Amino acid sequence: MAGFLIKRILQAAFVIVAVTLVVAFAVRLTGDPALMLSQGAGSITEEDLARIREALGVNKPFLVQYTDFFLGIFTLDFGRSFLGGTPVIDLIGNALPATLMLAFASMFVSIAVSIPLGIKAAVSRGKWADQFIRIISLIGLSFPNFWLAIMLVLLFSITLQWLPPSGMDGFASFLMPAITMGIILTATNVRLVRTSMLETMQSQYIMVARAKGLSESTVLYKHALRNCAIPLITYFGLQFGGLLGGIVVVERVFNWPGLGTLAFDAVGARDYPVLQAVITVLSMLIVGVNLLVDIAYGLIDPRIRTE
Amino acid sequence: MTEHAPILRIEDLSVEFGASRVIENLTLSVSPGKTTAIVGESGSGKSVTSLSVMRLAEMMGATYPSGKIIFEGSEGKTDLLALPQKKMRAIRGKDIAMIFQEPMTSLNPVFTIGDQIAESLILHEGMSKKDALKEGLRLLEMVRLPDAAQLLNRYPHQLSGGMRQRVMIAMALACRPKVLIADEPTTALDVTIQAQILTIIRDLQAELGMAVIFITHDMGVVAEVADDVMVMWKGKKVEEGPVKDLFANPKHPYTKTLLSAVPRLGAMAGEKFPKRFPVAVMDGDTPRIVGSEHIQNTAKYDAQPLLQVRDLVTRFDIKKGIFGGVTHRVHAVENVSFDIYRGETLALVGESGSGKSTIGRTIQQLQKATSGNITFDGRPFASMGKADQQRLRQEIQYIFQDPFASLDPRKKVGFSIAEPIHTHHLMDGTKQIKMRVDQLLERVGLTSAHADRYPHEFSGGQRQRICIARALASNPKLIIADEALSALDVSIQAQIINLFMELQEEHGLAYLFISHDMAVVEKMSHRVAVLYLGQVAELGSRQQVLENPSHPYTQRLLSAVPVADPTRNVNRTMLDGEIPSPVRRVGDEPAIVSYQEIAPGHLVANAV
């Protein structure tokens with residue numbers, strides 16, 4: 001297990017270096033920030049632009065800029081925003097909790113709903129409960145999330161006026177964004193849990209557990225669930241990455257003050273420091289979650305732990 | 001042992017899955033201290049019978065249109081079929097326990113051995129976890145597992161198949177059941193391990209006085225363990241009786257054909273060559289005799305050998321360190337040398353990890369050799385170009401154990417048989433190829449109409465015939481048959497053995513016959529090589545190796561084979577211990593054995 005973890009941590013470090021390099025490079029392809037900053041400032045000479053570039057530090061060679069940025073990560077110094085000069089770390093510090101809360105709330109909703117439903121569908125395979133759950137999950141899968149978000153706003157905020165349409169202000173404001181993100185995840189996960197459970201229930205050791213005289217619920221929740229969780233955990237980890245990617249759209253619709261909104265604004269302003277910091281933080285989150293998945297894997301599956 | 005009243009009586013039991021009836025009006029009774037064997041081929045309903053006693057069959061969709069299963073428990077007579085599942089759970093695992101066929105998958109991979117044994121005790125005996133683990137330790141010692149205390153904390157994947165099956169037995173016996181159902185408990189195990197497991201079951205039965213229902217397709221095992229036998233065929237009981245009577249004087253035609261098809265190790269003592277025997281086949285309800293006795297003198301020892309293998313070594317790297325360095329290797333094959341002549345069958349026998357399949361795969365170029373030389377028809381592998389290697393793939397054909405897995409389920413069998421003809425450009429013209437396919441199908445005992453069907457429409461035996469037809473399609477000189485008969489029922493097996501031998505005579509084919517079944521090897525091979533941990537322990541003619549086994553491992557292997565003769569006395573005091581693993585640390589190389597020729601062509605490895 002120790003060897004396995006060290007290997008994974010080394011891999012994670014490599015991934016982060018690669019991601020930051022690609023991000024820093026790609027961000028600089030979006031255009032000249034000096035031009036963007038000087039928009040509407042009347043007549044601008046080439047010298048003015050050069051001075052702005054020097055002030056922002058974007059006139060230095062790429063590798064120098066990258067090294068500054070990369071070394072900054074270790075001291076949590078991501079530089080200052082090109083807009084207004086706020087330290088980037090403060091911007092991230094404000095946005096990160098909002099995004100994390102939303103992401104974990106959606107993951108939690110999806111897992112809490114999909115596991116019991118998936119198991120129910122698996123044990124009543126072919127019966128009406130199974131058919132019903134599968135049809136509902138298919139409908140859930142068919143919604144694009146931006147459309148669903150708008151429909152929810154229309155119904156609950158504008159027509160019924162039950163929930164706030166945007167912003168982050170208390171528990172009520174969580175519901176719609178979390179449901180929007182959660183529904184699509186749940187729809188996929190129900191099918192996944194169902195398939196994994198069906199496969200596990202075919203195993204010989206399930207027959208053996210029944211032959212011991214154990215009750216169906218012990219067979220299901222003790223013997224089957226833990227085995228069925230092994231492939232699911234990997235998938236949930238991967239899903240978390242996809243979730244963070246999809247969060248940009250949902251944050252925009254609900255005007256959620258998270259990393260997605262921050263990144264969206266930074267792209268428009270060619271605010272390199274903010275953009276590369278947001279993407280770096282997101283990729284570290286994804287790598288971190290997958291590392292946790294690997295550890296969880298070892299805890300659940302002794303075949304990995306004792307290797 | 002004194003006669004007891006039956007403890008379990010199955011009366012007029014019928015079982016249906018949907019509309020198809022798989023058991024019909026079955027009646028059987030078993031007594032304490034006795035072993036009743038249920039024998040039959042695949043699909044005869046023997047496993048469904050046992051699962052019905054456990055009331056587990058209905059979880060797979062079974063219904064019981066008629067019958068009773070009367071169990072004489074501590075609380076008087078109970079009809080198990082009338083019990084609600086909730087009450088049945090109190091009997092299942094406590095009074096009636098079961099051992100399953102696949103020890104590798106019967107234990108839950110995420111729980112320790114200790115937890116899994118303790119579970120029954122906590123459930124049925126109301127023990128505390130601590131007491132249950134203590135009792136678990138005693139049970140593991142009872143099934144003679146070494147280091148039982150440590151095993152409690154181990155996980156299933158850390159145990160070999162034989163050890164897992166012992167854990168299963170310990171688990172099943174935890175609550176001292178009155179009836180033990182053993183469903184093919186040794187089928188997936190090597191013979192020496194099988195012998196150990198059978199001994200353990202028999203000893204514990206004597207100690208606990210339980211009734212054992214032993215389900216098997218292996219008549220050798222039946223002869224060894226059973227007091228009474230019930231023969232099932234197509235969901236019905238066709239015959240039952242005490243084991244000696246049934247073997248000596250079978251009455252039903254099906255029992256007769258079954259017993260006549262069983263290969264008996266030692267039955268060919270004194271014969272110089274392999275031999276074909278007539279086989280009785282059930283044709284509807286009456287047996288029909290197919291084939292005739294014929295001596296198989298086909299090997300051409302005066303010519304150059306077709307295949308020469310010299311000092312073959314095949315190793316696989318496994319287990320790598322953090323930076324990708326290899327720490328462990330499987331020493332699958334170590335310095336193996338042998339020849340195969342045209343028209344000859346050389347059997348490679350051995351148990352798991354002996355390297356027999358790796359040798360076959362290396363010759364077929366499915367696996368790269370680490371070192372050594374292989375020469376086929378005078379051409380060394382090492383000097384072959386791409387074109388020569390391709391030709392080799394035509395001249396050497398492989399037949400696998402699982403005929404279903406080796407046929408593409410989405411392609412008609414005619415296509416699969418024609419494929420090698422296309423690949424190797426052996427023939428032109430759709431019409432000619434079609435004729436060739438029809439002719440091949442007829443040769444292996446099928447009809448040309450079968451070419452338009454898909455693999456799932458055939459039985460296991462028919463599928464293996466299709467695989468043989470496909471192998472023949474490329475006019476091979478050598479066929480490697482890797483456990484090609486192991487998955488087949490005995491009557492089918494006997495027919496396929498004859499087919500192999502007929503084809504050998506017609507086409508002068510050489511066979512490398514890889515098998516763990518000594519009785520089949522005795523019937524069809526000219527020479528035998530016994531493998532142990534990747535090296536040849538003994539090599540010689542069939543008669544030399546089987547009638548004068550001179551290496552201790554050969555002797556051990558032969559003594560472990562169950563023989564379908566209940567009058568034979570079994571003495572297996574020499575069997576003990578596990579087969580060592582061929583996985584070794586890098587740097588810890590195995591010792592290479594040297595040989596002594598004790599008779600012309602009879603090589604025996606010296607002790608290391």
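A quick note: this is a predicted structure, and the numbers were derived from the prediction, not measured.

1. Brief notes about the overall build of chain B
In terms of regular secondary structure, chain B is built from 20 helices and 27 strands. Since a compact globule built from 608 residues should have a radius of gyration of about 25 Å, the 26 Å found for chain B is in line with a globular shape. The dimensions of chain B, computed from C-alpha atoms along their principal axes, are 75 × 60 × 50 Å. Put simply, of all contacts in chain B between residues at least 6 apart along the chain, 69% involve residues at least 24 apart. Of the accessible surface of chain B, which amounts to about 25300 Å², a share of 50% is contributed by carbon and sulfur atoms. For chain B, the distance from the average site of its 68 positive side-chain charges to the average site of its 69 negative ones is 3 Å.

2. Things to note about the sheet that holds strand β10 (residues 236-242) of chain B
All names here are of chain B. The strand order β6-β7-β8-β3-β9-β10 describes an open sheet built from six strands, whose pairing is mixed. For this open sheet the edge positions go to β6 (96-99) and β10, each flanked by a neighbour on one side alone. With strand direction ignored, the average angle separating the axes of adjacent strands in the sheet is 15°. Relative to strand β7 (residues 179-183), β6 is paired through four bridges, and the arrangement is parallel. Along β7, the bridge assignment pairs I99 with A182. Each of β3 (35-39), β6 and β8 (211-216) is contacted by helix α8 (residues 191-208), which is oriented at about 160° to β8, the strand it contacts most.

3. A few points about the interface of chain B and chain A
Between chain B and chain A, the residue contacts involve 30 residues of the former and 26 residues of the latter. The junction of chain B with chain A conceals about 2600 Å² of combined surface from both sides, 64% of it contributed by carbon and sulfur atoms. At the boundary of chain B and chain A, one finds two salt bridges. For B:E119, the salt bridge is made with A:K222, and the minimal N-O distance between the two is 2.9 Å. Where chain B touches chain A, the interface holds ten residue pairs in polar contact (both at pLDDT 80 or more). At the level of secondary structure, the elements contributing two or more residues to the side of chain B that touches chain A comprise α3 (103-106), α4 (113-125) and α7 (161-172) of chain B. The element that contributes the greatest number of residues to the side of chain B that touches chain A is α4(B), accounting for five residues. Per-class residue counts for the side of chain B that touches chain A are 16 nonpolar, ten polar and four charged.

4. Here's the deal with the UniProt feature "domain: ABC transmembrane type-1" (unreviewed entry) in chain A
Under the present numbering, the feature "domain: ABC transmembrane type-1" (unreviewed entry) in UniProt falls on residues 96-293 of chain A. For residues 96-293 of chain A, helix accounts for 85% and strand for 0%, while the C-alpha atoms at its two ends are 21 Å apart.

5. Details of the environment of B:M60
Mapped onto the elements, B:M60 comes out in the loop between α1 (46-53) and β4 (62-73). Sequence separation between B:M60 and B:F17 is 43 residues; the distance between their C-alpha atoms is 8.5 Å. Apart from the residues within four sequence positions on either side, B:M60 is in contact with A:M207, B:F17 and B:L51.

6. Here's the deal with the pattern of salt bridges
Residues and elements named next belong to chain B. Under the definition given, this model contains 39 salt bridges over all chains. Here R9 makes a salt bridge to E11, at a shortest N to O gap of 2.9 Å. Accessibility expressed as a relative area gives 26% for E11, which makes it partly exposed. Measuring nitrogen to oxygen at the nearest pair gives 2.8 Å for the salt bridge that ties D283 to R288. In this structure R288 comes out as partly exposed when scored by relative accessible area, which is 42%. Connected through salt bridges with shared partners, the residues R342, D377, R379, R391, E395 and K477 form a single ionic network.

7. Brief notes about the sheet that holds strand β27 (residues 602-605) of chain B
Residues and elements named next belong to chain B. Sheet architecture is open: eight strands sit in the order β20-β21-β22-β17-β23-β24-β27-β26, paired in mixed fashion. Two strands in the sheet have a free side with no partner beyond their single neighbour: β20 (396-399) and β26 (595-599). Across the sheet, the mean angle separating the axes of adjacent strands is 20° when strand polarity is ignored. Along the sheet, helix α16 (residues 460-473) makes contact with β20 and β21 (478-482), crossing β20 at roughly 170°.

8. As for the pairing of strand β24 (residues 535-541) of chain B
Residue and element names in this part refer to chain B. Most of β24 sits inside the fold, with six of its seven residues counted as buried. By the bridge criterion, six bridges tie strand β23 (residues 527-532) to β24 in an arrangement that is antiparallel. Within the sheet, the bridge partner assigned to Y532 lies in β24 and is Q535. Alignment of β24 against β27, held across two bridges, turns out to be antiparallel. If you follow E538 over to β27, its bridge partner there is V604.

9. A short note on the packing of helix α5 (residues 88-123) of chain A against helix α6 (residues 128-142) of chain A
All names here are of chain A. Between α5 and α6, the shortest axis-to-axis distance is 7 Å and the interhelical angle comes to 135°. By the criterion of interaxial angle, the relationship of α5 to α6 is oblique. As for the relative orientation of α5 and α6, their crossing is left-handed in sense. Contacts from L117, K120 and A121 in α5 reach A129, D130 and I133 in α6. When its residues are assigned to classes, the contact of α5 with α6 shows four nonpolar, no polar and two charged.

10. Some thoughts on empty space enclosed by the protein
Per the counting criterion, the structure on display carries six cavities of 30 Å³ or more. There is about 90 Å³ of room inside the largest cavity. Lining the largest cavity, in full, are A:V208, A:A211, A:K212, B:G93, B:A97, B:M98, B:S120, B:M168, B:M171 and B:A172. If you list the elements that add at least two residues to the lining of the largest cavity, you get α9 (204-211) of chain A together with β6 and α7 of chain B. Element by element, the count of residues in the lining of the largest cavity is highest for α7(B), at three residues. Looking at the lining of the largest cavity residue by residue, the classes come out as seven nonpolar, two polar and one charged.

11. Here we look at the nonpolar core
It is characteristic of soluble globular proteins that their nonpolar side chains tend to be buried jointly. The biggest cluster of nonpolar side chains holds 79 residues, and the ones touching the most others in it are B:L8, B:L80, B:I96, B:L140, B:V179 and B:I181. Leaving out residues up to four positions away in the same chain, B:I181 has contacts with B:S50, B:V53, B:M54, B:I96, B:A97, B:M98, B:I99, B:I213 and B:I215. A:F82, A:F174, A:V193 and A:A266 belong to the second largest nonpolar core, which has 69 residues in total.

12. Here we look at unusual backbone geometry
All names here are of chain B. In this structure, D377 takes a positive phi of about 55° despite not being glycine. Residue D377 is classed as partly exposed on the basis of its relative accessible area, which comes to 24%. Non-glycine residue E483 carries a positive phi angle of around 50°. E483 gets classed as buried once you look at its relative accessible area, which sits at 8%.

13. Side note on the packing of aromatic side chains
Across all of its chains, the model carries 15 aromatic pairs over all chains by this definition. With a centroid separation of 6.4 Å and 25° between ring planes, the pair formed by A:F62 and A:Y66 is classed as stacked. On the criterion of helical spacing, the pair formed by A:F62 and A:Y66 is a turn pair, its members being four residues apart in helix α4 (residues 62-74). Judged by its relative accessible area of 26%, A:F62 is partly exposed. Considering the side-chain rings of B:Y398 and B:F400, the 4.7 Å spacing of their centres and the 45° angle between planes classify their relative orientation as tilted. Among the aromatic residues, those joined into a cluster by ring pairs are A:F25, A:F62, A:Y66, A:F69, A:F70 and A:F74. Positioned above the aromatic ring of B:F111 is the side chain of A:K222, whose terminal nitrogen or guanidinium carbon lies 5.4 Å from the ring centre. Of note, B:K411 hangs over the ring of B:F415, and the distance from its end group to the ring centre comes to 5.4 Å.

Rules used in this analysis
- Residues numbered from 1 in each chain as written.
- Chains lettered and ligands numbered in written order.
- Predicted model: local features only at pLDDT ≥ 70, side-chain atom pairs only at ≥ 80, totals over all residues.
- Heavy atoms only, no water.
- Helix = DSSP H or I, 4+ residues; strand = E, 2+ residues; numbered from the N terminus.
- Rg over C-alpha atoms; globule rule 2.2 N^0.38 Å.
- Contact = heavy atoms within 4.5 Å.
- Areas by Shrake-Rupley, 256 points an atom, 1.4 Å probe, with all protein chains shown as cover.
- Lys, Arg positive; Asp, Glu negative; His and termini not counted.
- Charge placed at Lys NZ, Arg CZ, Asp CG, Glu CD.
- Pairing = 2+ DSSP bridges.
- Axes fitted to C-alpha atoms, helices over the stretch in contact; angles between N-to-C directions.
- Buried area = accessible area lost by both parts, 1.4 Å probe.
- Salt bridge = Lys/Arg side-chain N within 4 Å of Asp/Glu carboxyl O.
- Polar contact = N/O pair within 3.5 Å; in protein donor to acceptor, adjacent residues only side chain to side chain.
- Nonpolar A, V, L, I, M, F, W, Y, C, P; charged D, E, K, R; others polar.
- UniProt positions renumbered as here; feature names shortened; annotations may be inferred.
- Buried < 20%, exposed > 50% of the residue type's maximum accessible area, 1.4 Å probe, protein only.
- Parallel < 35°, antiparallel > 145°, perpendicular 65-115°, else oblique.
- Left-handed = near helix turned anticlockwise from the far one by under 90°.
- 1 Å grid on protein atoms, 1.4 Å probe; cavity = no way out; pocket = protein on both sides within 12 Å on 5 of 7 lines; lining within 4 Å.
- Points joined across faces, edges and corners; volume = space filled by probe spheres on them.
- Core = buried A, V, L, I, M, F, W, Y, C linked by side-chain atoms within 4.5 Å.
- Phe/Tyr/Trp six-rings, centres within 6.5 Å; stacked < 30°, edge-to-face > 60°.
- Lys NZ or Arg CZ within 6 Å of the ring centre and 35° of its normal.

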